[in-house]
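Residue strings, one per chain:
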Amino acid sequence: MKKVSIFLLSIALCGCAGNTDKFSPENVNSLRAPAYPLVSIDPYTSAWSMADKLNDDVVRHWTGVKFPLLGALIVDGVDYRFLGVNQIPLIAVLPTAVTYRWEAAYTEKAPVGDSWTSTAFNDAAWQHGRAAFGTPEMPFLSTEWTSKEIWIRRTFELHADFAQEPVILEYSHDDDFTLFINGLKVVETGYQWKNNVQIQLSDEVRATLRPGKNVIAINCKNRTGGAYVDCGLYLQDLTNVRYEQAAVQTSVNVQPTQTYYNFTCGAVDLNLIFTTPLLPDNLDLLSRPISYLSYQVTPNDGRPHEVALHIEATPDWAIHSPDQPTRITVDMEGDVAYLRAGTVEQPILRKAGDNVRIDWGYFYLAGNVKDSKGVNNTNLTFSPPAMCLDANIGSVSAAAEGFVMLGYDDVYSIQYFHDNRRAYWTHNGTVSFLQALVAAGKEYPKIMRDCAAFDRRLIADATRVGGKEYAELCALAYRQSVSAHKLIEDADGNLLFLSKENFSNGSIGTVDISYPSSPLYLHYNPDLLKGMLTPIFYFSESGKWTKPFPSHDVGTYPLANGQTYGGDMPVEEGGNMLILTTAIAIAEGNADYARTHWKTLTTWADYLVKEGLDPENQLCTDDFAGHFAHNANLSIKAIMGIAGYGKLAGMLGDKATSDKYISTAREMAQKWVQMADDGDHYRLTFDKADTWSQKYNLVWDKLFGMSIFPSEVAATEVAYYLKKQNKYGLPLDSRKDYTKSDWIIWSACLATSPEDFRALISPLHLYADQTVSRIPLSDWHDTKDSHSIGFRARSVVGGYFMKMLSEDFAKKK
């Protein structure tokens, strides 16, 4: 073990009265969040607690992969674990494909009956292959599986009886996964995809594991995208278990930039704040890849107590897969001491995809140094894989507080049309990560004040326009949305704010991800929205994309070298780009950004005039619902895109063009009303009666103040929506019970009364509070049973800020 002794400013206040205000936020969020944001830097450095209590589960990346972070408070020699869970070492009985490419029989034709799960079944006619099984992009792959369904039998011999020992099953799957052991069903996931899930086998199942022949039988269905199967069995090594006693969590509170926890650790109370300062008016700070973990300890019995703090992480934060060798170092820079971990290989920008973690650059666990009298001794140590910070706070008789920092230096962030670009905060490499780390330590007091002030303003503004439940949803959505992007500049100094399409397909700069997320950025900083649109404009204007409508994306994260999505969305993306460019002009009070791209906007507007009223068979942003023609809501988008182009022309002083396109949009809207009319509502598709859908695209007519559609269209739709709600929200349309939560809020903004708006928001708040899917907030869920259908951790929850944006634009009319 290597040990370095340092002195941390973060504990210098021991025994002194701390600044208690920052640990007592003004607002309390009543939501039981689906997952709690802890470290929210970017799509790669994104850590969450996916349990009610911070010490009930390991900290995880949004993909579900473990990002181990352990915390314990030692009070008078007694350990109280407040963060994460003990990672008990495992002894392999049957290893997963990470360490051993196990062999199995498999078939892609359904077996007859249920006997295929038993040890007696004869699988001689099946094919044989090695794990893992899946589509070509998956890790540790040996056997390619590209059909819709597979059946696998992993037969194995045991030479010992495990009836009295805890046995751990570990599995990874994509999508629907059912697993049997010796004929007994152990796992049935439904439509999910997860990695490295570990469960302890029940006594009934464990009792079947006898010396001789045994079998694990698996059925997996691939509904969409990637496919994957891997599994293994392990015993627990209980010889060196630490920090078994859990602290008692008394509260948790999610605010926009901070998550607060409170604990009782015997005779000492512990308060925590996880802060990522994603302040939209400070781009250096928003892009700086450093988060804070603040702590405060206070005796609760009026007596002094000896207190120490232990924080522990592992290099898992800097790897994609467990087989990657890592290196840990400990060092100092100015007033900062740090532990640093990264892969030995450092394959910069070599991986792209959705279910992918970063494996280049370096993860940091750090603290400020103050070499002065009265500062307590603290050690940074590492014994791979553990990276430990141990702070001897000493005798505590009053509140003492401090902080540690967690950060990530990705060296190069994005490949932008074959040019590797650094993060914005580096200013083209002139600022080093260590300089940023030192600055983060020095600026901590001001940053904490600024974050608290921003949080208070956001909650107050959201409550004023939409009520408490609406404000609580916005608080939960804020960090999720912002941290699903990476901020860089291109070689010409243009700001680029590139999203990752998390848990969808991994695309970068997707237009129909920018569209739903846009309200947050229009409200707080339109430059960030311009940073989303600029790559799409460049792709067309450079001649790399030659179609008369925008591309869907500019690549697969983090490689922005051109569209990789398999199909186009002509009307969808054309309408999106025109509407968003118009919204930027209204937010800024000028059309300068539109002027720069006028030729391209004209091409797209003319395409919508030709093709937008009655869209042919194609995808829209709700592509999970499949292709369909005559989409009434998509037609609204096209019409509002044309209207927006007309408004832009007027702002640029071209009255003739303005009148022409606005008149065209109004004529199209009149036809739309006739084509979509279905009595007390408007149709899903023009050609099918007795159907309906949310007309969320209509919200732009309200925001733009153009009255392109008759006012009774929105009124009719809202009245109908109020009759169609389920327990957990308004379905997307008449085809299924699932919904998109961002679109619910847009649809609710069509309401003219606060009561109707809140009636549509309340079921969505209930969903966020009660969903059975413990993952970063999913924007695609079932409105009857609350489970996530597929998406998670996506930036589109920025769309929750549509009500706040609506109020902004109302003031500009």
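Residues numbered from 1 in each chain as written. Predicted model: local features only at pLDDT ≥ 70, side-chain atom pairs only at ≥ 80, totals over all residues. Heavy atoms only, no water.

### Looking at the overall build of the protein
The helix and strand tally for the protein stands at 17 helices and 36 strands. Computed over its C-alpha atoms, the radius of gyration of the protein comes to 28 Å, within 12% of the 28 Å expected for a compact globule of 813 residues. Counting only C-alpha atoms and orienting by the principal axes, one finds that the protein spans roughly 80 × 75 × 50 Å. In the protein, the proportion of contacts linking residues at least 24 apart, taken out of those at least 6 apart, comes to 73%. In the structure as shown, the protein presents an accessible area of about 28,700 Å², 47% of it carried by carbon and sulfur atoms. Measuring between centres, the 74 positive side-chain charges of the protein sit 1 Å from its 95 negative side-chain charges. (Helix = DSSP H or I, 4+ residues; strand = E, 2+ residues; numbered from the N terminus. Rg over C-alpha atoms; globule rule 2.2 N^0.38 Å. Contact = heavy atoms within 4.5 Å. Areas by Shrake-Rupley, 256 points an atom, 1.4 Å probe, with all protein chains shown as cover. Lys, Arg positive; Asp, Glu negative; His and termini not counted. Charge placed at Lys NZ, Arg CZ, Asp CG, Glu CD.)

### Examining the pattern of salt bridges
Tallying each qualifying case throughout the model produces 34 salt bridges. The closest approach of N and O atoms between Lys 446 and Asp 450, which form a salt bridge, is 2.6 Å. Of the two residues, Lys 446 and Asp 450 both sit in helix α4 (residues 444-466), four residues apart, roughly one turn of that helix. Given the relative accessible area of 28%, Asp 450 is considered partly exposed. One salt bridge in this structure joins Glu 807 and Lys 803, with 3.9 Å as the shortest N-O distance. With a gap of four residues between them, Glu 807 and Lys 803 both fall in helix α17 (residues 802-812), about one helical turn apart. (Salt bridge = Lys/Arg side-chain N within 4 Å of Asp/Glu carboxyl O. Buried < 20%, exposed > 50% of the residue type's maximum accessible area, 1.4 Å probe, protein only.)

### Looking at the pairing of strand β8 (residues 103-107)
Most of β8 is tucked away, with four of its five residues classed as buried. Pairing of β8 with strand β9 (residues 127-130) involves four bridges; the strand directions are antiparallel. Residue pairing for β9: Ala 105 is matched across the bridge by His 128. Note that β8 and strand β12 (residues 149-158) share three bridges and pair antiparallel. In the strand pairing of β12, Tyr 106 is matched with Ile 152. (Pairing = 2+ DSSP bridges.)

### What to know about the nonpolar core
Note that soluble globular proteins tend to have their nonpolar side chains buried in a common cluster. Core analysis: the largest hydrophobic core is formed by 218 residues, its most contacted members being Leu 73, Phe 82, Leu 272, Leu 437, Trp 672, Trp 700 and Ile 708. Leaving out residues up to four positions away in the same chain, Trp 672 has contacts with Leu 613, Ala 632, Ser 635, Ile 636, Ile 639, Tyr 682, Phe 686, Lys 695, Phe 709 and Val 713. In terms of nonpolar packing, the next biggest core, distinct from the first, is built from 37 residues, Ala 131, Met 138, Ile 152 and Val 229 among them. (Core = buried A, V, L, I, M, F, W, Y, C linked by side-chain atoms within 4.5 Å.)

### Some remarks on the sheet that holds strand β22 (residues 290-299)
The eight strands are arranged β19-β20-β21-β22-β29-β26-β25-β24 in an open sheet whose pairing can be described as antiparallel. The outermost strands of the open sheet, each flanked by one partner alone, are β19 (248-254) and β24 (326-333). If you compare each strand with its neighbour and ignore which way they point, the axes differ by 15° on average. Of the strand pairs in this sheet, β19 and strand β20 (residues 258-265) are connected by six bridges, and their pairing is antiparallel. Paired with Val 248 across the bridge in β20 is Thr 264. (Axes fitted to C-alpha atoms, helices over the stretch in contact; angles between N-to-C directions.)

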